[in-house]
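Each chain is listed here by its residues.
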Amino acid sequence: MNDDLRNIVLGVIAAGLSAALGWLARTSLWKRRLRRKQAFFGLPENAESLLVVNRDPATSEPAVHRFDVFALLELAALIKDCGAHVQMVTQDSAHQGFGERTEFCVGGPASNRRMLAHMSAMLPGVRVNVDPEPGPDRGAFQIGAERYRMDPGVTEYVLLARLTAGQNRDARPVFLFCGQRAITNQAATRYLARNHERLARKHGGNSFVLLLKVVNSQAYGPDVVELVGDVTRAAQAPLPVTEQSRTSHRAGS
């Protein structure tokens, strides 16, 4: 074998080894990222999960708002990426506890009684004005001492929460998407899909409650979202007695 042929053979072998090592490195990185994603969502391979569907409060018939449908589709894609399975149930037929399966619950307490139950049990510091009559406080959030009113189509708010039951680290999380309008629910699911890696690094397997602001949805849809802040402490602390009595009729509690 002359020198030129030897160099060609060595070059082919080196290229093959480099390609193999690169493929192994990419595969290892992909698997690590998948494991972190599965751990954050509580969705190991072939795990079962629950999608709780709300109803459109603007109709008398059982129906789901189209923006909530879009939110459910985005969540279904996340679940599929984790290699898990999903069961979809309506808000009035989810008669079970939480912690055994990861749950994704979409819609405010006015359209989703499952959301109302979760908020009453795990977010005592949050009240939502569900009064159907028009007014400046319609749909407003009360979180601790702060109130967040919406300006439909201009400034709207949504709560994105990851909650676990008690101190059981093995319990599956519940994800809440509680918005002032249907389009804000979709904005929250899209925010979660885009930022789950950052949220996993920051919060790990711990509970958190984030308040998001959807900006100018009438022009930008669910795409322009700002993080107002982490309101976990205020949301999980019971409201003062005066605030409870003042807001209980609006929260349906």
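Located above this text is the structure these notes cover.
Now for a description of the structure that goes with this document. None of these values were measured; they are calculated from a predicted model.

As a further point, take the nonpolar core. Ranked by size, the top nonpolar core spans 27 residues in total, and within it F41, F104, F177 and L192 carry the most contacts. Mapped onto this core, the elements with two or more residues apiece are α1 (3-41), β1 (48-53), α2 (66-81), β3 (102-106), β7 (155-163), β8 (174-179), α4 (182-203) and β9 (208-215). The element contributing the most residues to this core is α4, with 5 residues. If we ignore the near neighbours within four places in the chain, the residues touching F41 are L78, C82, T102, F104, P173, F175, L192 and H196.

Here N46, not a glycine, exhibits a phi torsion of approximately 65°, which is positive. Within the secondary structure layout, N46 lies in the loop between α1 and β1. Of note in the backbone geometry, N216 takes a positive phi value of approximately 50° without being a glycine. Of note, N216 is situated in the loop between β9 and α5 (217-220).

Between α2 and α4, whose axes approach to 7 Å, the crossing angle comes to 20°. Looking at the two axes, α2 sits roughly parallel to α4. Where α2 crosses over α4, the handedness of that crossing is left-handed. Taken together, the residues of α4 that come into contact with α2 (itself represented by F67, D68, F70, A71, E74, L75 and L78) are A182, I183, N185, Q186, T189, R190, L192, A193 and H196. Here the contact of α2 with α4 is built from residues that sort into 9 nonpolar, 4 polar and 3 charged.

A few words now on the packing of aromatic side chains. This model, assessed by the stated rule, comprises 8 aromatic pairs. Look at F41 and F104: their rings are 6.3 Å apart centre to centre, the planes differ by 40°, and that puts the pair in the tilted class. One end of the pair, F41, is in helix α1; the other, F104, is in strand β3, with 63 residues separating them in the sequence. Of the residues examined, F41 reaches a relative accessible area of 1% and is grouped as buried. Measuring from centroid to centroid gives 5.3 Å for F104 and F175, while their planes differ by 10°, and the two rings are stacked. With a gap of 71 residues between them, F104 in strand β3 and F175 in strand β8 connect regions that are remote in the sequence. By relative accessible area, F104 is classed as buried at 1%. The ring of F67 is capped by R66, whose NZ or CZ atom sits 4.4 Å from the centre of that ring. Above the face of the F40 ring, R162 is positioned so that its terminal group lies 5.4 Å from the ring centre.

The residue K37 is located in helix α1 in this model. Other than its neighbours up to four places away in sequence, K37 contacts L78, D81, C82 and H196.

Once that is clear, we can look at the sheet that holds strand β6 (residues 146-148). Strands sit in the order β4-β5-β6 across an open sheet of 3 strands; the sheet is antiparallel. Among the strands making up the open sheet, the edge pair consists of β4 (126-128) and β6. Within this sheet the neighbouring strands show an average axis-to-axis angle of 15°, counted without direction.

This brings us to the sheet that holds strand β10 (residues 225-230). The mixed open sheet is built from 7 strands, whose spatial order is β2-β1-β3-β8-β7-β9-β10. Edge positions in the sheet fall to β2 (85-90) and β10, since each of these pairs with one other strand and no more. With direction set aside, neighbouring strand axes in the sheet form an average angle of 20°. As judged from the 5 bridges shared by β9 and β10, these two strands associate in the antiparallel manner. Its bridge partner lying in β10, K213 is registered against E226.

In an α-helix there are 3.6 residues to a turn, and that puts residues three or four apart on one side. For helix α3 (residues 113-122), the full list of buried residues reads R114, M115, H118, M119 and M122. Burial along α3 is one-sided: seen end-on, the buried residues are contained in an arc of 130°. Opposite the buried face of α3, by more than 90 degrees, sit the exposed residues R113 and A121. Elements in contact with the buried residues of α3: β1, β3, β4, β7, β8 and α6 (232-236). The N-capping residue of α3, defined by a side-chain oxygen 2.9 Å from the backbone nitrogen of R114, is N112.

What counts and how
Within any chain, residue numbers begin from 1 and follow the written order of that chain's sequence. Since the coordinates come from a predicted model, pLDDT governs what is reported: local features require at least 70, and pairs of side-chain atoms require 80 or more to be given and counted, while whole-chain, interface and lining totals use all residues. Side-chain measures were taken over the full set of non-hydrogen atoms in the model, leaving aside hydrogen atoms and water. The nonpolar core is taken to be a set of buried Ala, Val, Leu, Ile, Met, Phe, Trp, Tyr and Cys residues, with the residues joined through side-chain atoms within 4.5 Å. Categorising residues by exposure relies on relative accessible area from a 1.4 Å probe, with only protein chains included: less than 20% of the type maximum marks a residue as buried, more than 50% marks it as exposed, and the intermediate range marks it as partly exposed. Secondary structure follows DSSP: runs of H or I at least 4 residues long count as helices, runs of E at least 2 residues long count as strands, and numbering of each begins at the N terminus. Any two residues having at least one pair of non-hydrogen atoms within 4.5 Å are treated as being in contact. To get an axis, fit a line to the C-alpha atoms, keeping to the stretch in contact for a helix; angles then go from 0 to 180 degrees between the N-to-C directions. Each angle is binned into one of four classes, with values under 35 degrees roughly parallel, values over 145 roughly antiparallel, values of 65 to 115 roughly perpendicular, and all other values oblique. With the far helix as reference, a near helix turned anticlockwise by less than a right angle produces a left-handed crossing, and one turned clockwise produces a right-handed crossing. Side-chain classes follow a simple rule in which Ala, Val, Leu, Ile, Met, Phe, Trp, Tyr, Cys and Pro form the nonpolar group, Asp, Glu, Lys and Arg form the charged group, and the remainder, Gly included, forms the polar group. Under the pairing criterion, centres of Phe, Tyr and Trp rings, with the six-membered ring standing for Trp, must be within 6.5 Å; the plane angle then separates stacked pairs below 30 degrees from edge-to-face pairs above 60, leaving the rest tilted. In our convention, an over-ring charge means Lys NZ or Arg CZ found within 6 Å of a ring centre and within 35 degrees of that ring's normal. What makes two strands pair is DSSP finding at least two bridges between them. This arc is built from the directions going out from the helix axis to the C-beta atoms. By the criterion applied in these results, polar contacts are pairs of N or O atoms within 3.5 Å in which, for protein atoms, one can donate a hydrogen and the other can accept it, and in which residues neighboring in sequence qualify only through two side-chain atoms.

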